Amino acid sequence: MSGIASKAAGLGSFTNPIKFFGQDYEKLKAECLASKNPFEDPEFKADQSSLGKETDGLGPDSEKLKGIEVKWKRPKDIVKDPKFIVGGTELDDVCQQYLGDCWLVGSIACLTTNPDCLARVVPLDQSFDKKNAGIFHFKLWQFGQYMDVVVDDLLPTVDGKPNFAKSKTSNEFWSSLLEKAYAKINGSYENLVSSTTMEALVDFSGGVSEIFINAPDGFFEKIQTALKQKSFVVCNSTAPDFSASITRSHLYSVIRVEEVTYGENKEQLIKIRNPYGNEEWTGKWNDKSEEWNKLDPLIRADLNSQKEDGEFWMAFSEFVKEYTEVQICDVTMSEICCGDNYKWCLTEYNGSWKKGSSSGGNTSSDTFWMNPQYPITLKAPDGDTSKKCQIVVSLMQKDRRKLKFRHKAYVVPGFYIYKVNPSDKLPLGMEFFKSNKDVGSFSRGHYREVAKQLELLPGNYVIVAANHNKEEDADYYLRIFTEKPTGAQHV
């Protein structure tokens, strides 16, 4: 079954992205080359407005910029021989500087582990050669549509060096420019402070992110499958008793899992990367651990590089204790990865929660019924009505980061699925929700996206897209992935 086929060539698809701010990369580049004047972006100026405005962010009166002079410089004025990419794209190409966006830096580092995805986000035919006009572009996914985002190459520097994301290779600039494009689409560099890595990975891939709190059964195999499918996996230590060598509430990337023969036993191992590039695990299976000496020398040589690079192995049994939150961005659910045998059908909606009309709060509220409702019909893939159907629901808030700074957090979204009968009148009212429980749901704090894969018997259902902060307006984007078309609609 072909998935998302209707969007394959339409405006907003990867092959036909929307020009952000209406800026045409090829046209602007040609104009700059003809005039011999390097591009200066009028939509994201090289001044304070692009850094930020909040006093607790990067505003002109902020503590972070107090006594610091930020100068905007082009790479050619920072180093003698600037390059867009040096020797291919690698994890070392991305290092965090002084902006609190380890979530974004970590996601860019994750992106390097999937060359296909990276090549779609970062057009690799760009360079600083003679045809360079100080202009670059990147493709970013935003709420069901791809955007082609143009930037100039003026970068914020302090003491002559890039102040935010940079490469360990001093004359390489693709990651700095990608960070700038992401800052532009979100309104400012300041708006990149504090979030989850999954937010950016979804914007890079169009995938669906799912959160796992504490490891479910078969979790090693699930992570193994995700990595084989080139999906992105990140983890966060929120355990109350965590190791001193693990930074609490800091996001790490999962880059590999392996099962090895250790003595007479099998050991499941997992490899983690710290986007800061340092602070490695010091427990069992660390780089210099004696456990490595009991492995086959060839396997040991393949797995254990013993470099101080922020990458480290640990036993999976230790991992699930230290990292109590794991997020997986399933890129197989994005249109860029679908093929002839793609298994999902996509139904999508854009909507709004409005105070007093369509923002009804959570299930404990008498106004829950006011939240938007979406009837769907799940059909058995092979006609056997006794077999459960796969369904993935993703509910995502729109433009909150662009419109508001981090202290005005995301609202708390959640979706709830109810089994309905032909006799139930739609939209469902207050009495229905008082006497019926949902058959599947997911809500998780102030996250941009909440998503979950479920198994339900064939039949008729209603998905409720809820805003728990019923006093606050917000826009949302809802995706429903099913094995068969659902005939979904909004009531």
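Please refer to the structure higher up on the page.
When helices and strands are tallied, the protein shows 12 helices and 20 strands. Buried residues in the protein amount to 54% of all 491 residues. In the protein, 76% of the contacts between residues at least 6 apart in sequence involve partners at least 24 apart. Total accessible area on the protein is roughly 21,900 Å²; 47% of this is exposed by carbon and sulfur atoms.

A separate point is the packing of aromatic side chains. Here the structure, examined in full by the defined rule, presents 28 aromatic pairs. For the ring pair Phe14 and Tyr146, a centre distance of 5.8 Å and an interplane angle of 80 degrees mean the geometry is edge-to-face. Pair noted here: Phe14 is in the segment before strand E1 (18-19) and Tyr146 is in strand E4 (residues 145-152), with a separation of 132 residues, a long-range link. Judged by relative accessible area, Tyr146 falls into the buried class, the value being 2%. Seen in terms of ring centroids, Phe128 and Phe173 are 6.2 Å apart; in terms of plane orientation they differ by 70 degrees. Their pairing is edge-to-face. Of this pair, Phe128 sits in the loop between helix H5 (115-121) and strand E3 (135-142) while Phe173 sits in the loop between strand E6 (161-162) and helix H6 (174-185); the two residues are 45 residues apart in sequence, bridging distant segments of the chain.

A separate point is the side chain of Glu210. Inspection of the secondary structure puts Glu210 in strand E7 (residues 208-213). Despite its burial, Glu210 remains without a salt bridge, the nearest opposite charge being carried by Lys222 at 4.9 Å. At 3.4 Å, the side chain of Glu210 forms a polar contact with the backbone nitrogen of Gln453.

Summed over all chains, the structure comprises 16 salt bridges. Ionic pairing is found between Lys83 and Asp81, a salt bridge with its closest N-O pair at 3.8 Å. Arg479 serves as the salt-bridge partner of Glu449, at 3.4 Å between the closest nitrogen and oxygen. Taken together, the residues Glu449 in strand E18 (residues 449-456) and Arg479 in strand E20 (residues 474-482) connect sequence positions 30 residues apart. Residue classification places Glu449 among the buried residues on the basis of a relative accessible area of 6%. Among the charged side chains, a salt-bridge network with shared partners connects Arg256, Glu258 and Asp302.

Sheet architecture is open: 4 strands sit in the order E13-E20-E15-E18, paired in antiparallel fashion. Single-partner strands in this sheet number two, and they are strand E13 (345-353) and E18. Adjacent strand axes in the sheet meet at a mean angle of 15 degrees when their direction is disregarded. As defined by bridge partners, E13 adjoins E20 across 9 bridges and the pair is classed as antiparallel. Bridge assignment links Thr347 to a residue of E20, and that residue is Ile480.

This next bit is on empty space enclosed by the protein. Following the criterion strictly, the structure yields 6 cavities of 30 Å³ or more and no others. If you add up the space inside the second largest cavity, you get close to 70 Å³. Secondary structure elements with two or more residues in the lining of the second largest cavity: helix H7 (197-205) and E7. Class assignment of the residues belonging to the lining of the second largest cavity gives a composition of 4 nonpolar, 3 polar and 3 charged.

This next bit is on helix H4 (residues 102-111). For H4, the buried fraction is high: 10 of the 10 residues fall into the buried class. All of the buried residues in H4 are Cys102, Trp103, Leu104, Val105, Gly106, Ser107, Ile108, Ala109, Cys110 and Leu111.

This part is about the pairing of E20. Where burial is concerned, most of E20 is hidden: 8 out of the 9 residues are buried. Direction of pairing for strand E15 (residues 389-397) relative to E20: antiparallel, over a ladder of 7 bridges. Note that in E20 the partner of Val393 across the bridge is Ile480.

Moving on, we come to the packing of H4 against H6. Relative to each other, H4 and H6 sit at 125 degrees, their axes nearing to 11 Å. In terms of their interaxial angle, H4 and H6 are classed as oblique. Remark: the crossing between H4 and H6 carries right-handed chirality. Counted together, Trp103, Leu104, Ile108 and Leu111 of H4 and Trp174, Ser175, Leu178, Glu179 and Tyr182 of H6 form the full contact between these two elements. Split into classes, the residues belonging to the contact of H4 with H6 amount to 7 nonpolar, 1 polar and 1 charged.

Okay, the environment of Glu449 next. Each C-alpha atom, one on Glu449 and one on Glu210, is 8.5 Å from the other, the two residues being 239 residues apart in sequence. Discounting residues that sit within four places of it in the chain, Glu449 has contacts with Val202, Val208, Ser209, Ser394, Leu395, Met396 and Arg479. Within the structure, the side chain of Glu449 is placed 2.5 Å from the side chain of Ser394, a separation counted as a polar contact. In terms of polar contacts, Glu449 uses its side chain to reach the side chain of Arg479, at 3.4 Å.

Definitions and limits used
- Residues numbered from 1 in each chain as written.
- Predicted model: local features only at pLDDT ≥ 70, side-chain atom pairs only at ≥ 80, totals over all residues.
- Heavy atoms only, no water.
- Helix = DSSP H or I, 4+ residues; strand = E, 2+ residues; numbered from the N terminus.
- Buried < 20%, exposed > 50% of the residue type's maximum accessible area, 1.4 Å probe, protein only.
- Contact = heavy atoms within 4.5 Å.
- Areas by Shrake-Rupley, 256 points an atom, 1.4 Å probe, with all protein chains shown as cover.
- Phe/Tyr/Trp six-rings, centres within 6.5 Å; stacked < 30°, edge-to-face > 60°.
- Lys, Arg positive; Asp, Glu negative; His and termini not counted.
- Salt bridge = Lys/Arg side-chain N within 4 Å of Asp/Glu carboxyl O.
- Polar contact = N/O pair within 3.5 Å; in protein donor to acceptor, adjacent residues only side chain to side chain.
- Pairing = 2+ DSSP bridges.
- Axes fitted to C-alpha atoms, helices over the stretch in contact; angles between N-to-C directions.
- 1 Å grid on protein atoms, 1.4 Å probe; cavity = no way out; pocket = protein on both sides within 12 Å on 5 of 7 lines; lining within 4 Å.
- Points joined across faces, edges and corners; volume = space filled by probe spheres on them.
- Nonpolar A, V, L, I, M, F, W, Y, C, P; charged D, E, K, R; others polar.
- Parallel < 35°, antiparallel > 145°, perpendicular 65-115°, else oblique.
- Left-handed = near helix turned anticlockwise from the far one by under 90°.

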